[in-house]
Structure formats: C-alpha cells, structure tokens
2 protein chains.
Amino acid sequence: MKAEYINPFLLSTVSAFETMLHCPLTRGTPYIKNGHQPSHEVSGVIGLSGKAQGTVVVGLGREAALSVAEAMLQERQPEINADVTDAVGELTNIIAGRAKSDLEHLNLSVSLPSVITGRNHCIQFPSRVTPICIPFDSPWGPVTVEVGLVETPAVA
Amino acid sequence: MKAEYINPFLLSTVSAFETMLHCPLTRGTPYIKNGHQPSHEVSGVIGLSGKAQGTVVVGLGREAALSVAEAMLQERQPEINADVTDAVGELTNIIAGRAKSDLEHLNLSVSLPSVITGRNHCIQFPSRVTPICIPFDSPWGPVTVEVGLVETPAVA
C-alpha cells in the first residue's frame, strides 16, 4: 500500500475527533499490521471501491465507543447498544468520507458501515494486502485506524 | 430493503457452494435480522457501493470455514489461519461479485473483503437499514448470508 494513501485517513481521523467530538488525539507511529492481533472491543468497518479497493477499520475500546456516542448524541448510553454502534458507524463513515475527498484521483465510493462488537474479535484483511495501522491516544483510551487499499487493475 | 434484491445473493451463494465447493446447500426462510444476535465464528464482510450502498456478511461456523478452505485449497488447515480467512474472503467476494452482475442497474462495485473471527462477535448494520438474513443448511453445518442494501439518494 502506498504511504501517500495513509495521510488522508490520519488527517480525517484527527479532524473528526477534534472538530466533531471535541476529543484531542495524540498520534502514534503507523505500522504494518500482520498476524491475528485482537481488535479493540468495538470496530467500525467500511468498504471503499473505485480505482482502488479497500477497507477502513476504526477500532475503539468500550469507554471510547461510549464516549463517541455521548459526544454525538449528547446522552450517555448505559451499554454498547444500537445507538452506540450507529454512532461508531457514522464516525467511520465520516472518517472514510473525508479521506476519500483527499484521494479524488481514485474516485472512491464508500459502502455502508458495519460495526463489530465482542471481546477478542480479530479482523483480517486479505493477505495480499498490507494494511497500515495508525494508533492514537485519546482521553477516552486508545483509538486505532487501519487502512488497506489496493489499486484496481485497469480494465483494458 | 427491496425483496427483489435478495434473490441474486441467494442464487450466487447456492451457485458458489455447489459449483465451486461441491457442497449442496438447503435454503431456509429468509428473515429480517434485528438486535444483537451473535454471528457464527467466522464472518466474511464485503462492502457494496454504486447506486446503492450495502454490506454482505457470509457467516460460517468453524467447521464450515475449515471445509471451505479445504475445498478451495485442496488441503486441510489445522486451525483458522490466514489461508482459511483468505478462502472465506474470496468466497465472500465471489458471492457478492456474482450477485452484483444480476443487479446491473445499481452499478455496484465491491470493496476488499475482510474476515472477522472470534466466538460471540456481533455484526451490526446501521439501524436505518433492514438487513435480510438467508439461512442455509449444509453438510458442513449452518451457513448464513446477510445483506443490507439501501439505494443512494440521487444527486440533483
């Protein structure tokens, strides 16, 4: 995966958290994800297609997911319910949507978001893809954004 | 979600299992998925975008996932490893790819597949979407295909 494809996702994540959720993020060093590392408890997943195919995964711990929902809905939910998964799905949609506008030449469109919950779930990308994981620290705990994107072979 | 959108996924699933994997499927009655029902242990997820946005989830138990990989790779894997998740991702890609060609007017393209593993994980669609779940029985155990698809509002 091209390194230049990472920056739009990094910037859109920081922007979504800071502008929309009023939550400052401290960025860690992006790394190549390999192997079966368990994800955080709540993962927002969205697909990208166009001149590239990809997947974006926004990973949040339980507290971060509840806080994202609280910031978006102005109300604290008692548990990980449909309001929380909708909020995480919408956050994932916003992060992917802003990044795609910075990658205009790839003409990307986004799928519906889905939100995975459950301790110790793992999300695997196809092994031909090299996903990059961007770790962030926040007052709500760690946040990760994983991006795997491959250019679609040109149709002759 | 329109009922006519379900049939292409039903047919493509039966075709992929019977033609490619030589595994007969018995179809159950499709139903509307609601609430947090845990998924099977292995879920292939792929996004769709175009004149509609959607997500397809192919759910398999552990034995079915190992058998899908064995049928595709001609070799039994000892556990749910990257070869197995790649096989489930490719199966998900084939099921979505065949269905999209039957839904030509929606001009759909598919994202990269991702594969979720882990007992008791749940996959939530946005609550504004009504996903349909198609259950199948197979000699390898139950298989489910969930589809959520909403038409994209026309841009004026």
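A.B. asks: Mind showing me how you'd approach the overall build of chain A here?
C.D. replies: The helix and strand inventory of chain A stands at three helices and nine strands. Across chain A, helices and strands are ordered from the amino to the carboxyl terminus as α-β-β-β-β-α-α-β-β-β-β-β. Summarising the internal contacts of chain A: among those between residues at least 6 apart in sequence, 69% fall at separations of at least 24. Accessible surface, chain A as shown: approximately 6600 Å² in total, 50% of it carbon and sulfur.

A.B. asks: Which parts of the structure should I look at to understand the pattern of salt bridges?
C.D. replies: Residues and elements named next belong to chain A. Following the criterion strictly, the structure yields 10 salt bridges over all chains and no others. Salt-bridge contacts for Arg76 lead to Glu63; the nearest nitrogen and oxygen are separated by 3.0 Å. You can see Arg76 sitting in the loop between helix H2 (62-73) and helix H3 (82-102) and its partner Glu63 sitting in helix H2, a full 13 residues away along the chain. What makes Arg76 partly exposed here is its relative accessible area of 37%. Connected through shared salt-bridge partners, Glu41, Arg62 and Arg119 make up one network.

A.B. asks: Honestly, the relation of the copies chain B and chain A in this entry has me stumped. Any pointers?
C.D. replies: To go from the first copy of the chain to the second, apply a rotation about an axis and then a shift along the same axis. Rotating chain B by 180° and moving it 0.0 Å along the rotation axis overlays it on chain A with an RMSD of 0.0 Å. These values place the two chain copies in the arrangement generated by a two-fold rotation axis. When C-alpha positions in chain B are compared against the rotation axis, the closest is assigned to B:Gly47, at 2.3 Å.

A.B. asks: Would you mind going over the side chain of B:Gln77 with me for this structure?
C.D. replies: Residue and element names in this part refer to chain B. Following the sequence through the fold, Gln77 ends up in the loop between helix H2 (62-73) and helix H3 (82-102). Polar side-chain contacts of Gln77 include one of 2.9 Å to the side chain of Asn81. Dropping the residues within four chain positions of it, Gln77 is found in contact with Leu66, Asp83 and Val84.

A.B. asks: When you look at the environment of B:Pro78 in this model, what are you seeing that I'm missing?
C.D. replies: Looking at the secondary structure, you find B:Pro78 in the loop between H2 and H3. For B:Pro78 and B:Ser109, which are 31 residues apart along the polypeptide, the C-alpha to C-alpha distance reads 34 Å.

A.B. asks: I'm lost on the confidence of the model for chain A in this one. Help?
C.D. replies: Interpreting fine coordinate detail is not advised for predicted regions of low pLDDT. Residues of chain A with pLDDT of at least 70 account for 97%, and the chain-wide mean is 93. Two numbers describe this predicted complex: its pTM, 0.93, and its ipTM, 0.90.

Calculation notes
- Residue indices begin from 1 for each chain and proceed along its sequence in written order.
- Throughout, the order in which chains and ligands are written sets their labels, letters from A for the former and numbers from 1 for the latter.
- Whole-chain, interface and lining totals are the exception, using all residues; otherwise, since this is a predicted model, local features are given only for residues with pLDDT of at least 70 and side-chain atom pairs are given and counted only at 80 or more.
- Each side-chain value is worked out from all heavy atoms of the structure, with water and hydrogens disregarded.
- Where helices and strands are cited, they refer to DSSP runs of H or I of at least four residues and of E of at least two residues respectively, numbered from the N terminus.
- Contacts are assigned to residue pairs with any non-hydrogen atoms lying within 4.5 Å of each other.
- Computed by Shrake-Rupley with a 1.4 Å probe, the accessible areas treat only the displayed protein chains as cover when residues are assessed.
- Whenever a carboxyl oxygen of Asp or Glu lies within 4 Å of a side-chain nitrogen of Lys or Arg, that contact is scored as a salt bridge.
- For each residue, the accessible area found with a 1.4 Å probe, counting protein chains only, is set against the maximum for its type, and the residue is called buried under 20%, exposed over 50%, and partly exposed in between.
- In superposing the copies, a least-squares fit is computed on C-alpha atoms, taking residues whose pLDDT is at least 70 in both.
- By the criterion applied in these results, polar contacts are pairs of N or O atoms within 3.5 Å in which, for protein atoms, one can donate a hydrogen and the other can accept it, and in which residues neighboring in sequence qualify only through two side-chain atoms.
- You can read pLDDT as the predictor saying how much it trusts each residue, on a scale of 0 to 100.

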